[in-house]
Amino acid sequence: MSQLFGTDGVRGIANEKITVELAIELAQAGAAVLGFENSNGARPKAVVARDPRISSEFITAAVSAGLASSGVDVYDAGVMPTPAAAYLVDDINADFGVMISASHNPAPDNGIKFLARGGDKLTDAQEARIEAQLSQPPLRPIGAEVGRVRRFSDAEDRYVIHLLKSLPNRLDGLKVVIDAAHGAGSAVAPQVFADAGAEVALIGADPDGLNINQNYGSTHMENLQAAVLEHGADLGIALDGDADRFLAVDHSGTVVDGDQIMAIMALALKEQGKLKDDTLVVTVMSNLGLKLAMQAHGVNVVETKVGDRYVLEAMHQKDYSLGGEQSGHIIFSEWATTGDGILTGLHLAARLKETKKTLAEMSEVMTRLPQVLINVKDVDKDGVGKNGIVAEAVAKVETQLGETGRVLLRPSGTEPVVRVMVEAADKDTAESQAQLLASVVSENLSL
C-alpha cells in the first residue's frame with residue numbers, strides 16, 4: 001500500500017492535506033498512468049464527479065484543470081453519487097474517473113478517489129504507480145492536444161435509467177422515507193424511487209455545502225427513525241454523503257443494518273438462481289449471526305479483511321454476485337462495480353413489494369448476536385499476533401464461547417490501536433469477555 005493513498009483514495013482536511021496543488025498534481029499523475037499508459041495514441045477521457053461539500057467545488061476545478069492540461073477530455077458530471085460516477089465511467093467507455101468526496105466524513109474533510117476503466121476501484125499497484133508518477137514531470141501537450149472540459153449533461157438521466165432497469169418489479173404502493181445525508185444522493189435518490197412507483201418522503205436533502213452528514217444519514221439514524229413513524233412508512237432509507245452505503249429502518253422504527261440486508265438479499269438471489277455458487281462475501285466484522293443464518297439456508301460465506309475494496313477483490317476472483325459490509329456498503333456485481341446505496345435500497349424495496357412482507361418480518365432471517373468493540377489505545381499493534389499471553393487469553397475466551405461466540409483482535413491501519421471485538425449469545429458475556437481481553441492487550445502490549 002502506498003503512503004499517500006488510504007483504503008479509499010486520498011483523504012484529509014480540505015486546504016490542509018487536500019490542497020489545490022495536490023489535486024492538480026494527482027490529476028496529472030493519474031492522467032499519465034490511467035489515461036496514457038494503455039491509450040494506443042487515442043485521446044483519453046475521464047468522468048469527474050463530486051459530492052456537495054463546499055470544498056468539492058474548488059477541488060473539482062483543480063482536478064479538471066490537471067487532467068485537461070495533461071491532454072485528457074473531462075466529462076464533468078457535477079454532484080453525483082460515487083456509484084454513479086463508477087457506472088458512468090463504464091457507460092461511456094471512459095479511460096478512468098475521479099470522484100471528489102470524503103463519503104461519511106464531516107464537511108471540512110474531502111478526498112480524491114480514482115476509478116479505473118470499467119468503473120472499478122484501483123489496485124494497490126495502480127495507486128503505487130500514480131504516487132511514483134508524482135515525482136516525474138507532468139505531461140505538457142499544446143494546441144489541439146490540450147484536453148477539453150465539458151458538462152456531462154445527461155449524466156443523471158443515464159444513472160437513473162440504469163437503476164430502474166435493474167429492478168425486478170415496480171414499487172407502487174410502498175411508502176418510503178429517504179434520508180440523503182444532505183449529500184450526493186439528495187436529488188437523484190428521490191427521483192428514482194418516485195419513478196419506480198414509490199410514495200416518497202424526503203429528509204436530509206437540503207445540501208448547503210457545509211451540512212453534509214450533519215445529524216443525518218447512515219451515521220445518524222434518529223431523524224429517519226422518527227420520520228418513518230411519523231409518515232407511517234413501510235421503509236426508511238439512510239444514505240451517506242456520497243451514497244455508496246445504505247442502512248434501513250423498518251416500519252416500527254427499528255434500524256436494519258448491512259448484515260441483515262445482505263441476509264435478505266442473499267436469500268432473494270438464491271431463490272432466483274442468481275447467487276453465484278450460493279456464496280456471499282463479507283468482512284471479518286460481519287456479525288456471527290449472519291454466518292449462522294446463511295449456513296442454515298445453504299449459503300456459503302467468504303470472509304475478507306475490513307474494507308469494501310477487499311470484498312470487491314474476492315468477488316472478482318470468482319465472479320460472486322453479492323457482497324458487502326455491516327456498515328452498509330453492499331455490492332451487486334450484476335449492476336455495480338462498487339457499493340451503491342440507492343441501488344441496494346431499490347432492490348430491498350422491491351423484495352418487500354414482491355413478498356408482501358414487512359422488513360421486520362424479513363429481518364428475522366438472522367439473529368444479531370450481541371457485539372462489543374473496544375479500542376485499546378497506545379499499544380504495540382504489530383505485536384497482537386505474536387504475544388503468547390494475548391494468544392492464550394484469546395484461545396481461552398474462544399473455548400468458553402464455543403460456536404455461539406467469536407473473538408477478533410484487529411490492529412488499526414493508522415494508529416497504535418488494537419480493536420478487540422467479542423460476540424456472544426448475550427450482551428453481558430460479550431461485554432465482560434471484551435473487557436477481559438482489552439485488559440490483557442493493554443497490559444502486555446503497552447508502549
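- Under the annotation held in an unreviewed UniProt entry, the chain carries the name Phosphoglucosamine mutase and is attributed to Enteractinococcus helveticum.
- Taken from UniProt, the Sequence similarities (unreviewed entry) comment for the chain reads in full: "Belongs to the phosphohexose mutase family."
- We quote the UniProt Function (unreviewed entry) comment for the chain here in full: "Catalyzes the conversion of glucosamine-6-phosphate to glucosamine-1-phosphate."

### Notes on the UniProt feature "active site" (unreviewed entry) in the chain
Link 1 in the chain: Sites flagged by UniProt as "active site" (unreviewed entry) map to Ser103.
Link 2 in the chain: By the element assignment, Ser103 lies in the loop between β4 (96-100) and β5 (109-115).
Link 3 in the chain: Residue classification places Ser103 among the buried residues on the basis of a relative accessible area of 3%.
Link 4 in the chain: Not counting the four nearest positions on each side in its chain, Ser103 is found in contact with Arg11, Asp51, Arg53, Asn213, Asp240, Gly241, Asp242 and Asp244.

### Structural notes on the UniProt feature "domain: Alpha-D-phosphohexomutase alpha/beta/alpha" (unreviewed entry) in the chain
Link 1 in the chain: Here, the residues flagged by UniProt with the feature "domain: Alpha-D-phosphohexomutase alpha/beta/alpha" (unreviewed entry) are residues 3-135, 158-253 and 257-367.
Link 2 in the chain: In this annotation, residues 158-253 is assigned 28% helix and 20% strand; the end-to-end C-alpha distance for the span is 33 Å.
Link 3 in the chain: Between the C-alpha atoms that bound residues 257-367 the distance is 12 Å, and the span itself is 49% helix and 14% strand.

### Thoughts on the side chain of Lys121
Link 1 in the chain: Inspection of the secondary structure puts Lys121 in the loop between β5 and α4 (124-133).
Link 2 in the chain: Overall, the relative accessible area of 14% leaves Lys121 in the buried class.
Link 3 in the chain: Within polar-contact distance, the side chain of Lys121 engages the side chain of Asp8 at 3.1 Å.
Link 4 in the chain: Side-chain polar atoms of Lys121 contact the side chain of Asp308, separated by 2.7 Å.
Link 5 in the chain: Discounting residues that sit within four places of it in the chain, Lys121 has contacts with Asp8, Gln126, Asp308, Arg309, Leu312 and Thr338.

### Observations regarding the nonpolar core
The nonpolar side chains of a soluble globular protein tend to be buried with one another.
Link 1 in the chain: In this structure, Phe193, Ile342 and Leu348 are the most contacted members of the largest nonpolar core, which totals 67 residues.
Link 2 in the chain: Among the elements that line this core, the one with the most residues is helix α8 (residues 258-271), at 9 residues.
Link 3 in the chain: If we skip the residues at most four places from it in the chain, Ile342 touches Pro81, Tyr159, Leu163, Val188, Ala189, Val192, Phe193, Leu239 and Ala243.

### Some words on the packing of helix α13 (residues 388-401) against helix α14 (residues 427-445)
Link 1 in the chain: One can describe the packing of α13 onto α14 by two numbers: an axis separation of 9 Å at closest approach and a directional angle of 170°. Judged on the interaxial angle alone, α14 and α13 are roughly antiparallel. Residues Ile389, Val390, Ala393, Val394, Val397, Gln400 and Leu401 of α13 pack against Thr429, Gln433, Leu436, Leu437, Val440, Val441, Asn444 and Leu445 of α14.
Link 2 in the chain: When its residues are assigned to classes, the contact of α13 with α14 shows 11 nonpolar, 4 polar and no charged.

### Here we look at the sheet that holds strand β8 (residues 199-203)
Link 1 in the chain: Read from one edge of the open sheet, 5 strands run β8-β7-β9-β10-β11, paired in mixed fashion. Since the sheet does not close on itself, it has two edges, and those belong to β8 and β11 (255-256), each with one partner.
Link 2 in the chain: Running at roughly 155° to strand β7 (residues 175-179), helix α7 (residues 222-231) makes contact with β7, β8, β9 (235-239), β10 (246-249) and β11 of the sheet.

### Let's talk about the packing of aromatic side chains
Link 1 in the chain: Counted under the stated rule, the structure contains 2 aromatic pairs.
Link 2 in the chain: Ring geometry for Phe5 and Phe114: centres 6.5 Å apart, planes at 50°, overall tilted. One end of the pair, Phe5, is in the segment before β1 (10-13); the other, Phe114, is in strand β5, with 109 residues separating them in the sequence.
Link 3 in the chain: Phe5 gets classed as buried once you look at its relative accessible area, which sits at 3%.
Link 4 in the chain: Look at Tyr75 and Phe152: their rings are 5.9 Å apart centre to centre, the planes differ by 70°, and that puts the pair in the edge-to-face class. With Tyr75 in strand β3 (residues 73-79) and Phe152 in the loop between β6 (149-151) and α5 (155-166), this pair connects stretches of sequence that are 77 residues apart.
Link 5 in the chain: Sitting above the plane of the Tyr75 ring, Arg150 keeps its charged end 5.3 Å from the centroid.
Link 6 in the chain: The cationic tip of Lys305 hangs over the ring face of Tyr310; the distance from NZ or CZ to the ring centre is 4.4 Å.

### A short note on the pairing of β4
Link 1 in the chain: For β4, the tally of buried residues reaches 5 of 5 residues, placing the bulk of the element in the interior.
Link 2 in the chain: Taking every second residue as pointing to the same face, both faces of β4 are buried, with Phe96, Val98 and Ile100 on one and Gly97 and Met99 on the other.
Link 3 in the chain: Summarising the sheet, strand β2 (residues 45-50) and β4 pair through 5 bridges and their orientation is parallel. Paired with Ala46 across the bridge in β4 is Phe96.

### Some details on the sheet that holds strand β18 (residues 417-423)
Link 1 in the chain: The strand order across the open sheet built from 3 strands is β16-β18-β17, with neighbouring strands paired in antiparallel fashion. Looking at strand neighbours, the two that pair on one side only are β16 (371-377) and β17 (406-411), the edges of this open sheet. With direction set aside, neighbouring strand axes in the sheet form an average angle of 15°.
Link 2 in the chain: Bridge analysis of β17 against β18 gives 6 bridges, and the strand direction is antiparallel. When the bridges of β18 are listed, Leu409 appears paired with Val420.

Conventions used here
Residues numbered from 1 in each chain as written. Predicted model: local features only at pLDDT ≥ 70, side-chain atom pairs only at ≥ 80, totals over all residues. Heavy atoms only, no water. UniProt positions renumbered as here; feature names shortened; annotations may be inferred. Helix = DSSP H or I, 4+ residues; strand = E, 2+ residues; numbered from the N terminus. Buried < 20%, exposed > 50% of the residue type's maximum accessible area, 1.4 Å probe, protein only. Contact = heavy atoms within 4.5 Å. Polar contact = N/O pair within 3.5 Å; in protein donor to acceptor, adjacent residues only side chain to side chain. Core = buried A, V, L, I, M, F, W, Y, C linked by side-chain atoms within 4.5 Å. Axes fitted to C-alpha atoms, helices over the stretch in contact; angles between N-to-C directions. Parallel < 35°, antiparallel > 145°, perpendicular 65-115°, else oblique. Nonpolar A, V, L, I, M, F, W, Y, C, P; charged D, E, K, R; others polar. Pairing = 2+ DSSP bridges. Phe/Tyr/Trp six-rings, centres within 6.5 Å; stacked < 30°, edge-to-face > 60°. Lys NZ or Arg CZ within 6 Å of the ring centre and 35° of its normal.

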